[in-house]
Amino acid sequence: MKQIETIKTGKNFAAVSVGKVSEIIEHELPMGPDFTLKGKVFVGQAVGATGSELSFQTLVPGQDSGFLHTHKTHEELYIILKGEGQYQVDGDIFPVSEGTVIRVSPDGKRALKNTGSENLTMLCIQYKANGFGEDDSPMVDGVILKDALNW
């Protein structure tokens with residue numbers, strides 16, 4: 001089983017590696033005493049994220065996520081990094097492939113299926129719905145510093 005590797009941590013950051021995209025399939029997530037989800041890894045806790053959770057998941061050809069699910073308060077962004085498949089939200093099914101980004105509100109009943117001939121890998125970012133306002137725009141919140149870059 002593949003493990004998250006810590007690269008470097010500091011006062012204001014943490015950097016980890018889950019491995020190459022092709023290695024995500026080697027991770028395992030225990031879901032209970034009798035069930036382990038292969039090809040899924042959560043990373044938010046490993047980097048100390050305080051406003052979101054993120055996970056990577058790889059589905060082999062023909063595999064689906066195994067169940068529909070919703071959330072109590074979390075919205076999700078699914079970013080397809082590799083492969084192709086179908087995404088289902090509230091009974092609507094549509095094709096997805098590398099570069100597709102899907103936002104699902106907490107109540108959306110969602111699932112993903114790999115319909116391609118190669119592994120499908122996605123990144124999911126989970127955060128509290130309605131947590132951002134106008135003041136949270138990157139153009140408002142971001143501060144460009146005059147400090148020199150030290151490469």
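Residues numbered from 1 in each chain as written. Predicted model: local features only at pLDDT ≥ 70, side-chain atom pairs only at ≥ 80, totals over all residues. Heavy atoms only, no water.

A.B. asks: Sorry if this is basic, but what is going on with unusual backbone geometry here?
C.D. replies: Backbone phi values are negative for most residues with the exception of glycine, while trans is the configuration of most peptide bonds. Although it is not a glycine, Asp90 sits at a positive phi angle of roughly 50°. Within the secondary structure, Asp90 is located in the loop between β8 (84–89) and β9 (92–97). Even without being glycine, Asn130 reaches a positive phi, approximately 60°. Considering the arrangement of structural elements, one finds Asn130 in the loop between β12 (120–128) and α2 (138–141). Under the relative-accessibility criterion, Asn130 is labelled exposed at 78%. (Helix = DSSP H or I, 4+ residues; strand = E, 2+ residues; numbered from the N terminus. Buried < 20%, exposed > 50% of the residue type's maximum accessible area, 1.4 Å probe, protein only.)

A.B. asks: What is the right way to read a nonpolar patch on the surface from this model?
C.D. replies: Among the surface-exposed residues, Met31, Phe35 and Phe67 lie close enough to one another that they form a single nonpolar patch of about 290 Å² accessible area. Relative to the assigned elements, Phe67 resides in the loop between β6 (53–59) and β7 (74–82). (Patch = residues over 30% accessible without salt bridge, like charges linked within 9 Å, V, L, I, M, F, W, Y side chains within 5 Å. Areas by Shrake-Rupley, 256 points an atom, 1.4 Å probe, with all protein chains shown as cover. Salt bridge = Lys/Arg side-chain N within 4 Å of Asp/Glu carboxyl O.)

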